[in-house]
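Residue-level structural notes
Chain by chain, the residues run as shown.
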Amino acid sequence: MRAARVLLTALLALLLAASAGFAFDRAIIGETDRGLQQLRIDLEMATQTLSRPNLSDQNLANLKVTLEKIRTTAADRSLKLVAPLGEVTQQLNSLGTAPAAGQREDEGVAQSRADVTATRDKLQSIKAQLDVVTVEAEQASRSVSTLQRDQFFGRIFDRSRSILNFDVWVDLVAGIGVLFAGLSLMLRNWWADVSQTAQPLGLLTIPAIVFGAGLAFRLINRFFSRWLTGYSNSGRPLDNMTRLWIVFRALIVTFAALAVVFFPIRFALETSGYFTDANPRMVLLWDSLRDTVFTTIFYYVLARRVTAPGKPEIRIVDLDERAASRVTLLVGLTAFVASFNRQLGQVSGGMYLGLNYTQGQTALGALSLLVLSSIVLLVLHDQQGLPDDDKRRFYFSWARKLVPLAWLLIIIGFTSLIFGYLALGDYIAHQIVRTTMVVTLVFLVYHLFDAMVQASFDPQSNFGVFLRRISGLSERAIERLGLIFRTMVDLVLVIAGIPLLLLLWTLNWVDMRGLMNTLALGITIGDVTILPGTLAIMLTILVAGILATKVFNSWLDHRILSDTRIKKGVQDSILTGSSYIGYLLAGVFALTAAGVDFSSLAIIAGALGLGIGLGLQSIINNFVSGVILLAERPIRVGDWVSLPEGEGIVRRINVRSTEIETFDSCSIILPNSALVTEAVKNWTHNDDMGRFSIDVVVDYDTDPDVMKKLLLETTCGHPKVLTHPAPTVLLTSFGKNGLEFVVRAFVADVLMGSQVASDIRFSLLSRFRGEGITIAQAVPVVQSA
């Protein structure tokens, strides 16, 4: 017996050791440890670099990228150790509590405990060191951000000469002469270097590439033109989607045409030997020329299509003809000045021109942009717009609210230039232009997708017809679906637009990349870490569970319940209960995927009790009452009920309330608890059979037996009156005006009682006239004076 216990203990130890070995790849320990050492070396080198004085902007940017990579890698590897560490801890717990001092333990179990403990300690040590590296890298990255911020503000608020200083413009003119002389010398030296080695025949590839790219672009353009023509029905005015697509089509054509021109030339110059590593300044000059031409033409085309001078039918902004023509030219000129000034600054920097010339160029560029921006605002202000009878939708009307802010920035820019803060004025001027261009493009994309959604769900569009044909959805459901898509477009605009604006105006002193990496690695709140991936999985499971529940209920309703003889109210109760169970399971699975531990029921019960104590009594009461209504079914969907609030048909039993539709088509929303705790008159609780009564008063001259026979014959003659229970006629009273009879009969559907009673009254009235029976009338009472 003792040998069997020893054998079983050894077998258990062997299984635990095997499970420890196969639970996860033990090579991850060594691999992670080696990665940790390399990260420490990289972090040490980055820290030493950070301690050096006079680091340039480029050095700080590269250092920031390195530190961010170290932080992200360390955090990611630390996160990957959570699962192995949990498995090892679980294996250690499965071995039970370690024996107290002086007690012996089986050698196999003791060895397994020691191995698992060592593995756990090693994993904990590596994870702790990775966390330290993450924190140190983050602190160093913040130091870099601080240096970048200080350098940025130092440059911005570095005071130099004012634009009112005549020497600024003298130095600019002198520097321009030096610049052109340097460019001329650079071109001569470049030609002297490449004329002996370059292969001119390689330039023949330019027309071949241009022809092939142009042919492919023409085919694609023809496809989109055919699609647009098919969408726009002839004889109809241009809708919003067509007008916006005209703008984007022009931008796509412009971008493709410029790419077809510049790419083959650059490719041919490189392959022919005209551009080499020996002449980087020539490459810089070419890139500057390309960027200037590209930016100028692109934004000029954008402005021309948005304002559409000469074509008011496709104009998407509310501008008159004169303002449209002027804005187009001003935007093109502004784009040229902004791009040319920026590229010229890079070229002059590459040629090491003096500081005096740089100040003059900065002042001239900033002053030109501020003046052009002011002229654009004045032109937009002094225009009448299109006629008032034009009911089309115009875009960017909200921009009027930003005009005071634009004027404020322009005034600050002019003031900065006057007082010698040239860098600040140049920064404001370029940011006004850049922000305007980016915001315009972003909102054009947004408006295009919004118009596409609206047009796609339109009943007259091809997609709208196709959607209605295959889905069978009602118009209301399709409208809600379109609303969901439009809301998604709005969310995408916010998610993409806000970071773009922050990147434009914050530069390096707000680390957007670090923020995005932090969000990607998860946000820790106490002991809970929220990961975007986990959140997405949870939402996906929840949505999938809800959709699966709806599909199951649809199948249950149309495939099974519809073929049974179960009453409609019972079917609705079954479907409602199935929905509750499906939604509950979807929520449980989603929370489980998110890592919520349901093993601690005491916490959940405590939270639930606290919620009830803080004000959820009414909601919980109504929810439980709804469950009681579904289980006991004192009322069902379709029942005719009478309440102090009114009477009507039960249309829907929800989680919190029940909807009752009165006979006047008015809805009564009643809490479920009221239907459980208060008296409810249910006309159709056991069955749908109901009784109706007809009161008849005739003169005393009428034979009561004849009257009784006539009433029974007429009532029994109606096809919807039941023969069992049989109709009855009662002489209820000898009234003041005549004999008072009551006819009582039953119908199979209580809802038809009023209609059947009305039909019988019409028949009685006709027979009374044929038989000469007079309906008694009230005798007027005359009072003496």
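Preceding block: the structure.
First, a word on what this report is: a plain description of the structure on this page. Just so you know, these numbers come straight off a predicted model, no measurement behind them.

Notes on the overall build of the protein chain
Counting secondary structure elements, the protein chain contains 22 helices and 10 strands. When each of the 785 residues of the protein chain is scored for burial, the buried share is 35%. Partitioning the contacts of the protein chain with sequence separation of at least 6, the portion at a separation of at least 24 is 74%. Here the protein chain displays about 46500 Å² of accessible surface, and carbon together with sulfur accounts for 64% of that area.

Comments concerning the packing of aromatic side chains
In this structure the tally under the stated criterion is 10 aromatic pairs. Seen from their ring centres, Trp190 and Trp191 are 6.0 Å apart, and the 55 degrees between their planes marks the pair as tilted. Here Trp190 falls in the buried class, since its relative accessible area comes to 15%. Classification of Trp191 as partly exposed rests on a relative accessible area of 47%. Ring centres of Phe262 and Trp286 lie 5.9 Å apart, and the angle between their planes is 65 degrees; on these two criteria the pair is classed as edge-to-face. Note that Phe262 is positioned in helix α8 (residues 240-271) and Trp286 in helix α9 (residues 280-307), a separation of 24 residues in sequence. Among the aromatic residues, those joined into a cluster by ring pairs are Phe255, Phe294, Phe298 and Tyr299.

Here we look at the sheet that holds strand β4 (residues 646-653)
Where strands meet in a sheet, backbone hydrogen bonds hold them as pairs that are either parallel or antiparallel. Pairing within the open sheet is antiparallel, and its five strands lie in the order β6-β5-β4-β3-β7. Unpaired on one side and paired on the other, β6 (667-671) and β7 (681-682) mark the two borders of the sheet. The pairing of strand β3 (residues 640-643) with β7 spans two bridges and is antiparallel. Residue Val641 lies in a different strand from β7, and its bridge partner there is Asn682.

Looking at the pattern of salt bridges
Evaluated as defined, the whole model comprises 13 salt bridges. With a closest N to O distance of 2.6 Å, Glu68 and Arg71 form a salt bridge. Taken together, the residues Glu68 and Arg71, both in helix α3 (residues 57-80) and three residues apart, mark about one turn of the helix. Judged by its relative accessible area of 7%, Arg71 is buried. As a salt-bridge pair, Lys127 and Asp131 come within 3.5 Å of each other at their nearest N and O atoms. In this pair, Lys127 and Asp131 are both assigned in helix α5 (residues 107-156), four residues apart and thus about one turn of the helix distant. Sharing partners across several salt bridges, the network here consists of Arg266, Asp287, Arg290 and Asp291.

Comments concerning the pairing of strand β10 (residues 739-747)
Note: strand β8 (residues 690-698) against β10, nine bridges, orientation antiparallel. In the strand pairing of β10, Asp695 is matched with Val742. Taken together, the six bridges between strand β9 (residues 728-734) and β10 define a ladder with antiparallel strand orientation. Its bridge partner lying in β10, Thr728 is registered against Arg744. In textbook terms, the turn of a hairpin is the stretch between consecutive antiparallel strands, and for β9 and β10 this stretch comprises four residues.

Some details on the packing of helix α2 (residues 27-50) against α5
Closest axis-to-axis distance for the α2/α5 pair is 10 Å, and the angle between their directions is 25 degrees. Here α2 lies roughly parallel to α5, going by the angle between them. Of the two elements, α2 crosses α5, and the hand of that crossing is left-handed. For the contact of α2 with α5, the per-class residue count stands at 14 nonpolar, four polar and four charged.

Looking at the environment of His447
Looking at where His447 falls in the secondary structure, it is placed in helix α13 (residues 422-456). For His447, a relative accessible area of 7% translates into the label buried. The sequence separation of His447 and Met241 amounts to 206 residues, and the corresponding C-alpha distance is 8.4 Å. The residues contacting His447, other than those within four sequence positions of it, are Leu244, Arg393 and Tyr395.

Details of helix α12 (residues 403-418)
Its 16 residues give α12 an end-to-end C-alpha distance of 23 Å, which sits within 8% of 22 Å, the value for a rise of 1.5 Å per residue. Among the residues of α12, Ile410, Gly413, Ser416 and Leu417 are the ones counted as buried. Buried positions in α12, seen along its axis, are confined to an arc of 125 degrees and lie on one side of it. Positive phi appears at Gly420, one or two residues downstream of α12, with a value of about 95 degrees.

Focus on the layout of surface pockets
Counted as a void, the largest pocket has a volume near 1500 Å³. Leu377, Leu380, Ala399, Thr436 and Thr440 are, among the 44 residues lining the largest pocket, the residues nearest its centre. The set of elements that each furnish at least two residues to the lining of the largest pocket consists of α9, α10 (321-350), α11 (355-381), α12, α13 and α15 (475-506). Top contributing element to the lining of the largest pocket by residue count: α13, with nine residues. Roughly 1300 Å³ of volume is contained in the second largest pocket. The wall of the second largest pocket is formed by 30 residues, among which Asp57, Arg155, Thr362, Ala423 and Asp426 lie closest to the centre. Contributing elements (two or more residues each) for the lining of the second largest pocket: α3, α5, α10, α11 and α13. Class assignment of the residues belonging to the lining of the second largest pocket gives a composition of nine nonpolar, 14 polar and seven charged.

Comments concerning a nonpolar patch on the surface
A grouping of Ile581, Leu584, Leu585, Val588 and Phe589 is seen on the molecular surface, where their side chains present a nonpolar patch of about 490 Å² in accessible area. Tracing the sequence through the fold places Leu584 in helix α18 (residues 568-593). By relative accessible area, Leu584 is classed as exposed at 58%.

Some points on the side chain of Ser339
Position of Ser339 among the secondary structure elements: in helix α10. Take Ser339: its relative accessible area is 8%, and that puts it in the buried class.

Observations regarding the nonpolar core
One finds Leu244, Leu302, Val306, Ile316 and Leu444 to be the most contacted residues of the largest nonpolar core, which totals 51 residues. Those elements that place two or more of their residues in this core are α5, α8, α9, α10, α11, α12 and α13. If one sorts the elements of this core by residue count, α13 sits on top with 12 residues. Core analysis: the second largest hydrophobic core is formed by 26 residues, Leu43, Val109, Val116 and Leu130 among them.

Cut-offs and rules
- Residues numbered from 1 in each chain as written.
- Predicted model: local features only at pLDDT ≥ 70, side-chain atom pairs only at ≥ 80, totals over all residues.
- Heavy atoms only, no water.
- Helix = DSSP H or I, 4+ residues; strand = E, 2+ residues; numbered from the N terminus.
- Buried < 20%, exposed > 50% of the residue type's maximum accessible area, 1.4 Å probe, protein only.
- Contact = heavy atoms within 4.5 Å.
- Areas by Shrake-Rupley, 256 points an atom, 1.4 Å probe, with all protein chains shown as cover.
- Phe/Tyr/Trp six-rings, centres within 6.5 Å; stacked < 30°, edge-to-face > 60°.
- Pairing = 2+ DSSP bridges.
- Salt bridge = Lys/Arg side-chain N within 4 Å of Asp/Glu carboxyl O.
- Axes fitted to C-alpha atoms, helices over the stretch in contact; angles between N-to-C directions.
- Parallel < 35°, antiparallel > 145°, perpendicular 65-115°, else oblique.
- Left-handed = near helix turned anticlockwise from the far one by under 90°.
- Nonpolar A, V, L, I, M, F, W, Y, C, P; charged D, E, K, R; others polar.
- Expected span 1.5 Å × (residues − 1).
- Arc of directions from axis to C-beta.
- 1 Å grid on protein atoms, 1.4 Å probe; cavity = no way out; pocket = protein on both sides within 12 Å on 5 of 7 lines; lining within 4 Å.
- Points joined across faces, edges and corners; volume = space filled by probe spheres on them.
- Patch = residues over 30% accessible without salt bridge, like charges linked within 9 Å, V, L, I, M, F, W, Y side chains within 5 Å.
- Core = buried A, V, L, I, M, F, W, Y, C linked by side-chain atoms within 4.5 Å.

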